[in-house]
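Each chain, letter by letter, is given below.
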Amino acid sequence: MTTAPTEGAQPHPRTPTAPPRTSTVLRILLGTQLRRLRESRHITLEEAGHAIRASHSKISRMELGRVSVRGRDVADLLTLYGVADEGERAAMLALVSEASVPGWWHNYGDIVPSWFEAYVGLEQAATGIRNYEVQFVPGLFQTADYARSVIRLGHPDARPEEIERRVEFRMARQRVLDDPNPPHVWAVVDESVLRRSPGSPAVMRGQIDRLLELVARPDVTLQVVPFSAGGHAAAGGPFSILRFAEPDIPDVVYLEQLTSAVYLDKRDDVDHYLAVMERLCITAKPATDSRRVLHEISVDL
C-alpha cells in the first residue's frame, strides 16, 4: 500500500493468503467482470440497461459492486455479451449466489446504516488497513469501555440496550484481528486522541493498556503525531485506506461523515491519499517510539 517503508515504521506487506471474501468484495469482483465483458463488446451502459429493463445508472452501480444483483439479470447480460460457454456462465452465476449471502454484520441492520455496512464488508476482507485519526482511537483498537463512551457521545438519546448493542457490534468487528490471517493495520493518530478521553481517566488508562498489547503484535503498527509537529498534511480530517488480495479490486479510501460516507477508488484519488499518509508517517513519531509515548501518556492520566 506504500511506495517505500517509512523510517521507524513497519512495512505494510500483503499477507501470504487472502482472508475470506465477503459479499461486498464478491459484488465488486462480479461487477468488474461484467464491466470488462461489456466494454470488450463495445456495448454502452444504456444498451446493457435496456437488456435487463433497467437504467444505465443501475448497470453502473452493478459494475461498481454498489448494489446486489439478480441471477436473471446477470444471465441476460451474459447473453447480450455473447457468453455462450456453459462453464463460464455457471461460474458467473455461482458468483452471484455467493455475493448474495449476507455477512454477519447484516444481523446488526437495526443499528448499522447501509452506508457503513459496505465499509464493514471491505474491512473484513482487507489484507491491509491504514487509518488516520484525529479524535478517537480507531474502532478496531477500542476497548468496550472506550467504545461505550464514544458511542454515548454520538448517540446521547439512545437507550442503554441500544448502546450495548452498538458496543457489541464494534467488538464483533475486532474479531478480524484474531483471524488466522489478519489484516495488517497501520494506524496514525494525533496525540490529542490519546490525551483526550471520551470517558473517565480509568477508561483511557484501560484503552492505552490495550494499545500497548496491540503494538506488540506483528500485524499492528501505531504511530503518534505529536503536538510539536504543528500543522501537517492531513489537516482535512480522518480517513482510511483499504487494500485487498484480489488484483481486480482497487485500493479504497473511506471518508466518514456524520450521516454518510464517501468511498474513493479512482487511482488519482487513492494516490493522493497514499501520498498524504506517507507524509503523515514521516511527520509522526517512529513506530518504535510508540510504546514509550503510550507509557508517558499513561503516567499523565
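Please refer to the structure placed before this passage.
Counting from 1, residues in each chain are numbered in the order their sequence is written. Where local features are concerned, this predicted model is filtered to residues with pLDDT of at least 70; where side-chain atom pairs are given and counted, the filter is 80 or more; whole-chain, interface and lining totals use all residues. To obtain the side-chain values, all non-hydrogen atoms of the structure were used and water was disregarded.

Student: Sorry, what's going on with the pattern of salt bridges here?
Tutor: When the charged atoms of two side chains with opposite charge come close together, those side chains can pair. A pair is scored as a salt bridge if a Lys or Arg side-chain nitrogen falls within 4 Å of a carboxyl oxygen belonging to Asp or Glu. Tallied over the entire structure, the rule returns 23 salt bridges. Across the salt bridge formed by Arg217 and Asp219, the nearest N and O atoms sit 3.1 Å from each other. When a residue's accessible area, from a 1.4 Å probe over protein chains only, is under 20% of the maximum for its type it is buried; when over 50% it is exposed; and in between it is partly exposed. The buried category is assigned to Asp219, whose relative accessible area is 12%.

Student: How should the sheet that holds strand S6 (residues 261–264) be read in this particular structure?
Tutor: Read from one edge to the other, the open sheet built from six strands follows the order S3-S2-S1-S4-S5-S6, with strand pairing classed as mixed. Lying at the two open borders of the sheet, with one neighbouring strand each, are strand S3 (220–225) and S6. Within the sheet, the average angular offset between the axes of one strand and its neighbour, ignoring direction, is 15°. Note: strand S1 (residues 128–133) against strand S4 (residues 239–243), five bridges, orientation antiparallel. The residue bridging Gly128 from the neighbouring strand is Arg243, located in S4. Note: two strands are recorded as paired if DSSP finds a minimum of 2 bridges between them. In this description a helix means any DSSP run of H or I spanning at least four residues, a strand means any run of E spanning at least two, and both kinds are numbered starting from the N terminus. Interaxial angles span 0 to 180 degrees and are taken between N-to-C directions of axes, which are lines fitted to C-alpha atoms, for helices over the stretch in contact.

Student: I'm lost on the pairing of S6 in this one. Help?
Tutor: The side chains of a regular strand alternate between both faces of the sheet. As paired strands, strand S5 (residues 252–256) and S6 are joined by four bridges and run antiparallel to one another. Bridging across to S6, Leu255 finds its partner in Val262. Here S5 hands over to S6 after four residues, the two strands then running antiparallel side by side.

Student: Hey, could you run me through the packing of helix H1 (residues 23–40) against helix H3 (residues 56–64) in this one?
Tutor: A pair of packed helices is characterised by two quantities: the angle between their axes and the separation of those axes. Their axes nearest at 6 Å, the elements H1 and H3 cross at an angle of 125°. In terms of their interaxial angle, H1 and H3 are classed as oblique. Facing H1, whose interface residues are Arg27, Ile28, Gly31, Thr32, Leu34, Arg35 and Arg38, H3 presents Ile59, Met62, Glu63 and Leu64. Its residues assigned to classes, the contact of H1 with H3 shows five nonpolar, two polar and four charged. The labels follow the angle: roughly parallel below 35 degrees, roughly antiparallel above 145, roughly perpendicular from 65 to 115, and oblique for the rest. For this analysis, residues touch if any pair of their heavy atoms sits within 4.5 Å. For this classification, Asp, Glu, Lys and Arg are treated as charged, while Ala, Val, Leu, Ile, Met, Phe, Trp, Tyr, Cys and Pro are nonpolar and the rest, including Gly, are polar.

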